[in-house]
Amino acid sequence: MKTVLITHPDCLEHVTPPGHPEQVARMDAVAHALDGMDLHRILAPMAAEDDVLRVHPRSHLDALRRAAPATGVVSLDADTHMSPGTLAAVCRGAGGAVRAVDLVMDGTARNVFVAMRPPGHHAEKTTAMGFCFFGNVAIAAKHALDHHGLSRVAIVDFDVHHGNGTQDLVEDDPRILFCSTHQMPLYPGTGHADETGVADNVVNVPLAEGTDGTGFRHAMNTHVLPRVRAFKPDMIVISAGFDAHAHDPLAGLALVADDFGWITGALCDLADDLCDGRVVSCLEGGYDLTALGACVAAHVKVLRERCDG
Ligand SMILES: [Zn+2]
């Protein structure tokens, strides 16, 4: 078994205004970083509507369809824009996350990296925001639970921004543990430690500006990894944002690529112990192109090392 890489060229057709950090060139950086790595590459399918409807109401899909422009770019908020190719890109992002779950569940893959854009973890039930439209990791987790019959799924989000959208989509479901480390204060402003979900199933770990790899590893070792272990998940889903890197232009943490390799290994260790190594990782943020490439390479290298083929 190899690590599966899921991507699709449609994610290049989501075009943001000039100077926007969530840009097409991010995918070139990711592709370059993974070039030559021994991965099983497949194309992301479009999500089925039912997959999306597990977390978003139909009104959200309808609103996005109505907003989608035939030409040019429309702005849903100051950060979040739609071009004619946006809907296809977000449907393939969600579809890629769902397919990743299927591949891990049927034994085709031990772990999967879904390299798609735009990201998803800021999208709330009825609100596209923060570059995000569909909650891809929440969609993946609900699919694993409802379609494949798993009992518990843990989501770990190490993007530098709080995954407010994922929290909004899963905090009322005790079958899902959502853990997030993030810089605070920072966009979107949520993610306080006292936001704990309906069944103590949300773990928010705010980090002060300037926190480096030592502080990040301590936070993970103290607050996140023990909670994931105690939860005994049947699958671990990662919101893999790489904007906590020291060079990222949108935030002020001080991680390096090796820190992302470390947390990947720690989560794979838990998955090996608890759930036959089942890990699904979805790309979120990461806006310094050089750092993004280095971090993705470090992340996927560890995923690949955990496969035996
Ligand atoms: Zn982010």
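The structure this text deals with has already been given above.
What you see is a predicted model, and the numbers here were worked out from it, not measured in a lab. (Residues numbered from 1 in each chain as written. Predicted model: local features only at pLDDT ≥ 70, side-chain atom pairs only at ≥ 80, totals over all residues. Heavy atoms only, no water.)

This part covers the state of the cysteines. Taken as a whole, this structure holds zero disulfides when the rule is applied. As a non-bridged cysteine, Cys 11 has Cys 282 as the owner of its nearest cysteine sulfur, 13 Å distant. Accessibility expressed as a relative area gives 2% for Cys 11, which makes it buried. Not engaged in a disulfide, the cysteine Cys 91 finds its nearest cysteine sulfur in Cys 11; these two sulfurs lie 13 Å apart. Of the residues examined, Cys 91 reaches a relative accessible area of 18% and is grouped as buried. (Disulfide = S-S within 2.5 Å. Buried < 20%, exposed > 50% of the residue type's maximum accessible area, 1.4 Å probe, protein only.)

Cis geometry marks the peptide bond from Arg 117 to Pro 118; its omega dihedral reads 0 degrees. Locating Pro 118 in the fold gives a position in the loop between β5 (111–114) and α5 (136–146). A cis geometry characterises the amide bond from Tyr 187 onward to Pro 188, with omega recorded as 5 degrees. In this fold, Pro 188 is placed in the loop between β7 (176–183) and β8 (202–207). In the Ramachandran plot, Asp 200 falls in the positive-phi region, its phi being about 55 degrees despite a non-glycine side chain. Tracing the sequence through the fold places Asp 200 in the loop between β7 and β8. Non-glycine residue Lys 232 carries a positive phi angle of around 55 degrees. Relative to the assigned elements, Lys 232 resides in the loop between α7 (213–231) and β9 (235–240). (Helix = DSSP H or I, 4+ residues; strand = E, 2+ residues; numbered from the N terminus.)

Moving on: the packing of helix α4 (residues 86–105) against α5. In a pair of packed helices, the angle between the axes and the distance between the axes together describe the arrangement. Look at α4 against α5: their axes get within 9 Å of each other, and the N-to-C directions meet at 35 degrees. In the packing of α4 onto α5, the handedness of the crossing is right-handed. Contacts between α4 and α5 pair Val 90, Gly 93, Ala 94, Ala 97, Val 98, Val 101 and Asp 102 from the former with Asn 136, Ile 139, Ala 140, His 143 and Ala 144 from the latter. Per-class residue counts for the contact of α4 with α5 are eight nonpolar, three polar and one charged. (Axes fitted to C-alpha atoms, helices over the stretch in contact; angles between N-to-C directions. Left-handed = near helix turned anticlockwise from the far one by under 90°. Contact = heavy atoms within 4.5 Å. Nonpolar A, V, L, I, M, F, W, Y, C, P; charged D, E, K, R; others polar.)

Right, let's talk about the side chain of Asp 234 for a bit. Relative to the elements of secondary structure, Asp 234 occurs in the loop between α7 and β9. For the buried Asp 234, no salt bridge is present, and the opposite-charge side chain at shortest range is Arg 152, 4.4 Å distant. The contact partners of Asp 234, leaving out residues within four places of it in the chain, are Leu 150, Ser 151, Arg 152, Cys 275 and Arg 278. (Lys, Arg positive; Asp, Glu negative; His and termini not counted. Salt bridge = Lys/Arg side-chain N within 4 Å of Asp/Glu carboxyl O.)

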